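# Architecture at a glance
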Amino acid sequence: MNNQTAIQNLDKFDVVGVRKDGGIDLVISCDGPIDDSSETLLALECKIRNYVKEVEEAREPTFFERYECKPDAPITIFVSCTFDIHAKALELIARLQSVAERIDARIEVRKQMA
């Protein structure tokens, strides 16, 4: 059995981008379809929670200092997946919005990042 899911490197940012308007984009990239298996859903939840935790807990420098942004810079967490995303995974993402709100962030799903 293959233990890999479409969501990898749960404890690392996949992509961090600083926008021209000063906001920050945090991107979760997928290596395949996001199915409804317990392993995939757990990996997705862990990845989103770790993104939030990294922003909350970064010190010396803070997350915002590291990327030379204002402390109130808007943050968007993107789940970028060109593959299919199961409805249960989309429901999980919607539920995790309350976790993202702890850092005044929102979560969006995109087929492709421009």
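Let us look at the structure shown here.

Right, let's get into the pairing of strand 2 (residues 24-29). Judged by how many residues are buried, strand 2 sits mostly within the fold: five of six residues are covered. One ladder, built from four bridges, connects strand 1 (residues 15-18) with strand 2; its direction is antiparallel. Paired with Val15 across the bridge in strand 2 is Val27. Two successive antiparallel strands, strand 1 and strand 2, enclose a turn made up of five residues, where Gly22 displays a positive phi of approximately 95 degrees. Direction of pairing for strand 2 relative to strand 3 (residues 75-80): parallel, over a ladder of six bridges.

Moving on, we come to the sheet that holds strand 4 (residues 105-110). Ordered by their spatial adjacency, four strands build an open sheet running 1-2-3-4, and the pairing between neighbours is mixed. A strand with exactly one partner marks an edge of an open sheet, and here the two such strands are strand 1 and strand 4. On average, adjacent strands in this sheet sit at an angle of 20 degrees to one another, irrespective of strand direction. For strand 3 and strand 4, the ladder comprises six bridges, and the chain directions are parallel. Considered in strand 4, the bridge of Ile75 is made with Ala105.

Rules used in this analysis
- Residues numbered from 1 in each chain as written.
- Predicted model: local features only at pLDDT ≥ 70, side-chain atom pairs only at ≥ 80, totals over all residues.
- Heavy atoms only, no water.
- Buried < 20%, exposed > 50% of the residue type's maximum accessible area, 1.4 Å probe, protein only.
- Helix = DSSP H or I, 4+ residues; strand = E, 2+ residues; numbered from the N terminus.
- Pairing = 2+ DSSP bridges.
- Axes fitted to C-alpha atoms, helices over the stretch in contact; angles between N-to-C directions.

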